[in-house]
Amino acid sequence: MPDITNKRVAVLATNGFEQSELEVPVEKLREAGATVHVIAPRGSEITGWQGKDWGNPVTVDRQLSDISADDYDALVLPGGQINPDLLRVEPAAIQLIKDFNAQKKVIGAICHAPWLLIEAGIAAGREMTSYPSIRTDLKNAGAIVHDEEVVVDEGIVTSRNPDDLPAFCSKLIEEIAEGRHEKRAA
């Protein structure tokens, strides 16, 4: 496993994130040595969604208004239906994603989280995957869509669902270790 000891990763989420899609990447990134902060638009904790009901609360480390892309090496966007749908109407969340992209930093999005990449205007022309129900949205936004467990396009890492978490986390760690992806268009 690559060592990402000196790397800082922001995990942007709000209530309704898919429990495992936040907790597993946080755990795996920390195991690989990264400093990981859960970022939310507001509040000291957010609650996940697990199965057919609310999951467990997670402590928020930083407020969205208090951070910038300059503070981190990578951004992770957990899925679930509720979380990205709420975040895509948060102007500060979309601006943060745009800023990470402009700085050519790693962005990981799983499940429904590619909605946020669409909203940020960075899906067009990119190879991506997602949860099946939003693949048409990705295609309509100009993405080249695949049905694979993980797809990487110049530091943008996408996956389909919780079953893909091992591949998603492994690729995230690999891409973070590589650093900025200078070929990516801003």
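Criteria and thresholds
- Residues numbered from 1 in each chain as written.
- Predicted model: local features only at pLDDT ≥ 70, side-chain atom pairs only at ≥ 80, totals over all residues.
- Heavy atoms only, no water.
- Helix = DSSP H or I, 4+ residues; strand = E, 2+ residues; numbered from the N terminus.
- Rg over C-alpha atoms; globule rule 2.2 N^0.38 Å.
- Buried < 20%, exposed > 50% of the residue type's maximum accessible area, 1.4 Å probe, protein only.
- Contact = heavy atoms within 4.5 Å.
- Areas by Shrake-Rupley, 256 points an atom, 1.4 Å probe, with all protein chains shown as cover.
- Lys, Arg positive; Asp, Glu negative; His and termini not counted.
- Charge placed at Lys NZ, Arg CZ, Asp CG, Glu CD.
- Core = buried A, V, L, I, M, F, W, Y, C linked by side-chain atoms within 4.5 Å.
- Phe/Tyr/Trp six-rings, centres within 6.5 Å; stacked < 30°, edge-to-face > 60°.
- Lys NZ or Arg CZ within 6 Å of the ring centre and 35° of its normal.
- Pairing = 2+ DSSP bridges.
- Axes fitted to C-alpha atoms, helices over the stretch in contact; angles between N-to-C directions.

A. Examining the overall build of the protein more closely. Broken down by element type, the protein carries six helices and 11 strands. For the protein, the C-alpha radius of gyration of 14 Å lies close to 16 Å, the compact-globule estimate for 186 residues. Dimensions of the protein along its principal axes, counting C-alpha atoms only, are 35 × 35 × 30 Å. Buried residues in the protein amount to 52% of all 186 residues. Within the protein, residue pairs in contact and separated by at least 24 positions form 66% of the contacts whose partners lie at least 6 positions apart. With an accessible surface of roughly 8,000 Å², the protein has 44% of that area assigned to carbon and sulfur atoms. On the protein, the mean spot of the 19 positive side-chain charges and the mean spot of the 30 negative ones are 4 Å from each other.

B. Highlighting the nonpolar core. Ranked by internal contacts, the top residues of the largest apolar core, which has 30 residues, are Val9, Leu22, Leu29 and Ile46. Residue assignment for this core shows that the elements contributing at least two residues are β1 (8-12), α1 (19-31), β2 (35-40), β6 (74-77), β7 (106-110) and α6 (165-178). When residues in this core are grouped by element, the largest group, seven residues, is from α6. Those residues within four positions of Val9 in sequence are excluded, and the remaining contacts are Leu29, Ala34, Thr35, Val36, His37, Tyr72, Ala74, Val76 and Ile176. Counting 27 residues, the second largest nonpolar core, distinct from the first, contains Ile107, Ile122, Ala123 and Leu138.

C. Here's a closer look at unusual backbone geometry. For Cys111, which is not glycine, the phi dihedral falls at a positive 70 degrees. The topology assignment puts Cys111 in the loop between β7 and α4 (114-119). In the Ramachandran plot, Glu154 falls in the positive-phi region, its phi being about 45 degrees despite a non-glycine side chain. Tracing the sequence through the fold places Glu154 in the loop between β10 (150-153) and β11 (156-159). Judged by its relative accessible area of 32%, Glu154 falls in the partly exposed class.

D. Local environment of the packing of aromatic side chains. Enumeration according to the criterion identifies one aromatic pair in this entry. Both rings, one in Trp49 and one in Trp54, keep their centres 5.0 Å apart while their planes meet at 80 degrees; by these two values the pair is edge-to-face. Looking at Trp49, the relative accessible area reads 25%, which means it is partly exposed. Given the relative accessible area of 45%, Trp54 is considered partly exposed. In this arrangement the basic side chain of Lys105 is found over the ring face of Phe100, its NZ or CZ atom lying 5.8 Å from the centre.

E. Representation of the sheet that holds β7. Spatial ordering of the open sheet is given by β5-β2-β1-β6-β7-β11-β10, a layout of seven strands whose pairing is mixed. The two strands at the open ends of the sheet, each matched to only one other strand, are β5 (62-63) and β10. Relative to β7, β6 runs parallel, the two being bridged by four bridges. Paired with Val76 across the two strands is Gly108, which belongs to β7. Against the sheet, helix α3 (residues 91-102) contacts β1, β6, β7 and β11, and its axis sits at roughly 135 degrees relative to β6. Each of β1, β6, β7, β10 and β11 is contacted by α6, which is oriented at about 170 degrees to β7, the strand it contacts most.

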